[in-house]
Each structure stands twice: as structure tokens, then as C-alpha cells.
Amino acid sequence: MTTINLADRSVDLGEWAAATPNAAEVFAAAVRDWLEANLVGDFAELRGRGGPGSEHEFFAERLEWDRHLAAAGWTCLGWPVRHGGRGATIEQRIIFHQEYARANAPARVNHLGEELLGPTLIEYGTPAQQARFLPGIVDVTELWAQGYSEPGAGSDLAGVATTAVLDDASGEWVVNGQKIWTSLAHLSQWAFVIARTEKGSTRHRGLSFLLVPLDQPGVTIRPIQQITGTSEFNEVFFDDARTSADLIVGEPGDGWKVAMGLLQFERGVSTLGQQVGFRRELDDIVAVARANGSIDDPAVAERLRRAKVGLTVMEANARRTLAGDIVSEAGAASVTKLLWGNWHRDLGELAVAVVGAPSLIGPPATTEGRANDITDPENVELDEWQRLLLFTRADTIYGGSNEVQRNIIAERVLGLPREARA
């Protein structure tokens, strides 16, 4: 077998690679050719659209694009074929993410389902859960939100206070509490939720991992207006919300183990594709610096060089982590998060330094003769560099703050006791 049948999910890409000379080059060419042939017409308008800070852009159209990818066999590449995936190797997955980013293809809308929940269900879920939920992730007919952070437990997952009590009469979990910073909950049908199911438990004990439908009485979703004027994050309130007793992943009390397993998937192969996007942003900033002459400023030139070195370090670390050449899995995930979060935040600051005074000009006071309502994304006229500056302020907070990541590294890699870090 020397060709890739994109539409045939029964073809195991890993087995195909093992039997095909120059498999990596052939696969990369197939990805490039398919993207070139399909990012046309209406889909061509989606290039570069979406992503953090811009999730409001063309969401319905990007959802259609994701389903187009699914029909051609390009979703869930790393999943086993028996679960609807393609059995792709790590190398093939890296190639796909890199080629996808190089093509400036639109940001995917199904990241949480495909990259996080799906692998978690494959690892920890029951056959019934896999049969019920994996097909909807593969074909992008059900979207997922992540119910981890809470107002009193932002980066401290073990401090969650949301509770779930099993109602024996109805055979359902009854969920009460509040989650926050819940990405795209207003556009999702389901959420995977960490809740405390053992009364009186503390910290990581007594937690469970539940699958909860969002379209039901007892669930209230409120978008949070961000500094960019858009609202991709939400507050989610559970007031006697319900989910079936069998929609618990793992046993009651296994929530911490399952949640930590999911976080390892979060910082996996897709980070290399993310870094290709970072490189494109940096290249664009260098082009602006050359065009406006700011690159002749020694201080600006030095910052641009440091940004390029930092990106190279990130890429090397990601490849080292994926190859298993790491001291501690938990420590490696924290190092990765620190590297890209700080680098991207600094890139936002560098971008406006390169642009100079024009970057200080904000949205107009009025839009078409009426007061500017910044809750309406159509009225927020930030340019790409202003949006990068503002949104990347969150990069060092969401997904685990810098402070939490440094504590993990201190404890699990350096072996420092807590009193040594005080």
C-alpha cells in the first residue's frame, strides 16, 4: 500500500507508514495537497481565522470546515482505528499539525473533544461510553467544554467545591456548583466536569470525572467579556443539574487520576502545530519591523533575536518531550506551559513595540453613529497586534498559572520541600 485513502477510516496510517518507503515525505505531501485542494471557495476565506482571542470569528463556517475534515478522514488521527481514528504515528501527527499551521488553515473548533476528552475516554472510559461519545467527536457533531476551574480554584484543581451526589431513586448524579473560564461552553452540547462526590473530602481525594449535558434545566451559561471585547470564556452554574449515573469516567473518587491523565494529552503533539503558528506571528512582526524601520533600533533587533531563539528552544523541548526524553512527565508538562505562555505574552509586547505609536490607537468611540458596544465583536476594531497584546496576558494564567507550574517543577523535578520555596 503506497497511497493514502483519505476517506477510508479503516486504513491504519501507522501500518501504512511501516510498509511505505519515504512514508513521512509521502504523508506530508498528501496533507499539503489536500489542504491546497480544499482551502478554496468559501473555505479560503477562513484562512487564519479563529483561535484564542478570535473564537468568535466565523464559528459556524469553521464548524463546517471541521466536518469537511472529518468526512475526508483528517480528524482524530492519533486515535486507534477501532475507535474511529487513523492509527497515525507521532511523526505523522506532528507532520499534520505543522502542515496545517503552515497552510494558515482555520483554527479547529473541536480541540477539547478530539485532543483531550477522546483520548481520555479511550484510556479510562467504559466500552459503552466510548461507543456513545467517540463517534460524535470524530464527525464533529457534538462539541465539548472543560469544567475544571472555579472562582475559588482557578489553577488549583484540587480545591474544587462543585459537588455531585448520586440520587439512587433517579439513577442520576445531581450536580451543584460553579465553573469559570469555561471555553466555548455557550457553543457546546456537553462538558466534562470535575466534581466532589465524597462528602467531607478535601484536596485531590473524593473527586470524580463526570460527563454532563449542558442543554438542560439547572445549567446556566454566562459569557465573560474579555479585555479584547469578545467572549469565548464563560461562567457555568449548576443548580441541581443532572447526568446519568453511568456517565462517570473511572470509579467514584478517581477524578484526580483521570483529570491528570487528560492534562498530559493537553500538552502533547498539537503544541508543535501551535508553535508553527507562533513562528508565523514572529515572521509577520519581523516583516513589520523591516517595513517601518524599527528593526534598525538595536533594542528592537535584540528582542526579535531573543524571540527567535526562544521559539527554537520551545520546538526542541516539545520534540524532546514527545520522544520521552524527559525527567518527569508532570515536570515536562509544566516546563512546556511556562515556555510557551511566557514567550507568547512577550511576543504581544514586542509586537506593539515594533508597531510603535499607532498601536496606542484603540477602537473608535462610535460605530456608524451609535455608541460603541464592545460586547458586540463586530464593534471591536482592534488590529491583530493589539489583540495579540491583550489576549496573551491570559497565556500565563489559563491552563495552570505560572506560579502553579513553578511549584510543580520545584516539588516533582527539583524535589524541593515546600518550606524551601517559602
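Quick caveat: nothing in here was measured; it's all calculated off a predicted structure.

Trainee: Just give me the short version of empty space enclosed by the protein, but keep the residues and values in it.
Mentor: For the coordinates displayed, the defined rule picks out one cavity of 30 Å³ or more. Its volume calculated, the largest cavity comes out at about 40 Å³. Lining the largest cavity are Q146, G147, K179, T182, A185, A191, V193, L214, V236 and F238. Listing elements by their share of the lining of the largest cavity, those giving two or more residues are β1 (144–147), β4 (190–196) and β7 (234–244). Looking at the lining of the largest cavity residue by residue, the classes come out as six nonpolar, three polar and one charged.

Trainee: Give a description of the pairing of strand β3 (residues 172–179) that names residues and reports values.
Mentor: Here strand β2 (residues 163–167) pairs with β3 via five bridges, running antiparallel. Directly across from D167, in β3, lies its bridge partner E172. The turn joining β2 and β3, which pair antiparallel and follow one another in sequence, is formed by four residues; a positive phi near 70 degrees is taken by G171. Sheet analysis places β3 next to β7, joined by eight bridges and oriented antiparallel. Its bridge partner lying in β7, V174 is registered against R242.

Trainee: Explain the pattern of salt bridges residue by residue, including any values.
Mentor: In total, this model carries 15 salt bridges according to the counting rule given. When the shortest N-O distance is used, the salt bridge between E57 and R49 registers 3.8 Å. E57 gets classed as buried once you look at its relative accessible area, which sits at 16%. The salt bridge partner of R108 is D66, with a shortest N-O separation of 3.0 Å. Separated by 42 residues along the polypeptide, R108 in the loop between α4 (90–102) and α5 (111–124) and D66 in helix α3 (residues 59–71) bring together distant segments of the chain. Among the residues examined, D66 registers a relative accessible area of 0% and is labelled buried. Members of the salt-bridge network, linked through shared partners, are R32, E99 and R102.

Trainee: Tell me about the packing of aromatic side chains, and name the residues and values.
Mentor: All chains considered together, the criterion is met by 16 aromatic pairs. Ring centres of F27 and W74 lie 5.9 Å apart, and the angle between their planes is 65 degrees; this geometry places the pair in the edge-to-face category. Of the two residues, F27 is situated in helix α2 (residues 23–38) and W74 in the loop between α3 and α4; the sequence distance between them amounts to 47 residues. Since its relative accessible area comes to 1%, W74 is described here as buried. Of the aromatic side chains, those joined through ring pairs into one cluster are F27, W34, F43, W65, W74, F96 and Y100. When the ring centre of Y100 is taken as origin, the NZ or CZ atom of R108, which lies over that ring, is 5.8 Å away. K337 extends its terminal NZ or CZ atom over the ring of W340, reaching a point 5.2 Å from the ring centre.

Rules of the game
Residues numbered from 1 in each chain as written. Predicted model: local features only at pLDDT ≥ 70, side-chain atom pairs only at ≥ 80, totals over all residues. Heavy atoms only, no water. 1 Å grid on protein atoms, 1.4 Å probe; cavity = no way out; pocket = protein on both sides within 12 Å on 5 of 7 lines; lining within 4 Å. Points joined across faces, edges and corners; volume = space filled by probe spheres on them. Helix = DSSP H or I, 4+ residues; strand = E, 2+ residues; numbered from the N terminus. Nonpolar A, V, L, I, M, F, W, Y, C, P; charged D, E, K, R; others polar. Pairing = 2+ DSSP bridges. Salt bridge = Lys/Arg side-chain N within 4 Å of Asp/Glu carboxyl O. Buried < 20%, exposed > 50% of the residue type's maximum accessible area, 1.4 Å probe, protein only. Phe/Tyr/Trp six-rings, centres within 6.5 Å; stacked < 30°, edge-to-face > 60°. Lys NZ or Arg CZ within 6 Å of the ring centre and 35° of its normal.

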